[in-house]
Amino acid sequence: MVAAMRLPGQTPALDTTQVPVDHIAAVVGNHAILSSELAEEVYSRMSGGQERLIDPAKDSVGYRKVLRRYVDTLVAFELLRREAEADTNIKVTDQEVADAADQLIESARKQFKTQEEFNREVRAIGFPSADDWRRALLEKERRTLTVARYRAELKDQDKIK
């Protein structure tokens, strides 16, 4: 968090309360990989039971190595996404993207007893509304499906294992 500061006697042009700032973890071409994307990757793997995050207080070197591996994964994903988008054989429809996002939303929604609990959680993860979260998911699912199709094509051509 960064607090907006003003000089003595200066009228504030912006709200001087704390404003969240997202940091850049890596850059691929003109695409910045944000620390929020890194956190999302870490949390999704942890919540899926794929991995446990090292406690930075106990092993700061190991913790940094794990985060570096996640950054490398996101960089590799972005490179594949760029190649996939350049490949004219890779097609992902708007309906496929919407279906994938809606499936994720429905799965998440089932974890809460009420719509208000769900909405509170959506706000807690940084989205003003479920619609805003859905829009972000649509973009993420488009990238994910595009890369998955590209990887499958490369695998079919025996270019990757």
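In this report, the structure presented in the accompanying data block is examined. (Residues numbered from 1 in each chain as written. Predicted model: local features only at pLDDT ≥ 70, side-chain atom pairs only at ≥ 80, totals over all residues. Heavy atoms only, no water.)

Now for the overall build of the protein chain. Within the protein chain one finds five helices and four strands. Going residue by residue from the N terminus, the α and β elements of the protein chain occur as β-β-β-β-α-α-α-α-α. A burial count over the protein chain gives 22% of its 161 residues as buried. Sequence separation of 24 or more characterises 55% of the internal contacts of the protein chain that already satisfy a separation of 6 or more. (Helix = DSSP H or I, 4+ residues; strand = E, 2+ residues; numbered from the N terminus. Buried < 20%, exposed > 50% of the residue type's maximum accessible area, 1.4 Å probe, protein only. Contact = heavy atoms within 4.5 Å.)

One non-glycine residue, Asp158, adopts positive backbone phi at about 55 degrees. Note on placement: Asp158 falls in the segment after α5 (130–156). By relative accessible area, which is 69% here, Asp158 ends up exposed.

Right, let's get into the nonpolar core. With nine residues, the main nonpolar core is built from Ala26, Val28, Ile33, Leu38, Val42, Val66, Tyr70, Val71 and Leu74. Elements with a contribution of two residues or more to this core: β3 (24–28), α1 (35–47) and α2 (60–86). Here this core takes four residues from α2, the largest share from any one element. Contacts of Val42, omitting those with residues within four sequence positions, involve Leu53, Leu67 and Tyr70. Judged by nonpolar contacts, the second largest core, of seven residues, contains Ile105, Ala108, Phe118 and Trp133. (Core = buried A, V, L, I, M, F, W, Y, C linked by side-chain atoms within 4.5 Å.)

Note: β3 against strand β4 (residues 31–34), four bridges, orientation antiparallel. Paired with Ala26 across the two strands is Ile33, which belongs to β4. The hairpin formed by β3 and β4 contains two residues between the paired strands, and Gly29 there has a positive phi angle of roughly 60 degrees. (Pairing = 2+ DSSP bridges.)

Within helix α4 (residues 115–124), burial applies to Phe118, Asn119 and Val122. Looking straight down α4, one finds that the buried residues subtend no more than 100 degrees of arc, so they occupy a single side. Packed against the buried residues of α4 are α3 (94–109) and α5. Once α4 ends, the next one or two residues include Gly126, with phi positive near 105 degrees. (Arc of directions from axis to C-beta.)

Moving on, we come to the pattern of salt bridges. In total, this model carries twelve salt bridges according to the counting rule given. The shortest N-O distance in the salt bridge between Arg134 and Asp102 comes to 2.7 Å. Here Arg134, found in helix α5, pairs with Asp102, found in helix α3; they are 32 residues apart in sequence, far enough to count as distant. Assessed through its relative accessible area of 33%, Asp102 is described here as partly exposed. (Salt bridge = Lys/Arg side-chain N within 4 Å of Asp/Glu carboxyl O.)

What follows deals with the packing of aromatic side chains. In this structure the tally under the stated criterion is two aromatic pairs. Every member of this aromatic cluster is reached through a ring pair, and the members are Phe112, Phe118 and Trp133. (Phe/Tyr/Trp six-rings, centres within 6.5 Å; stacked < 30°, edge-to-face > 60°.)

Structural measurements only, silent on function.
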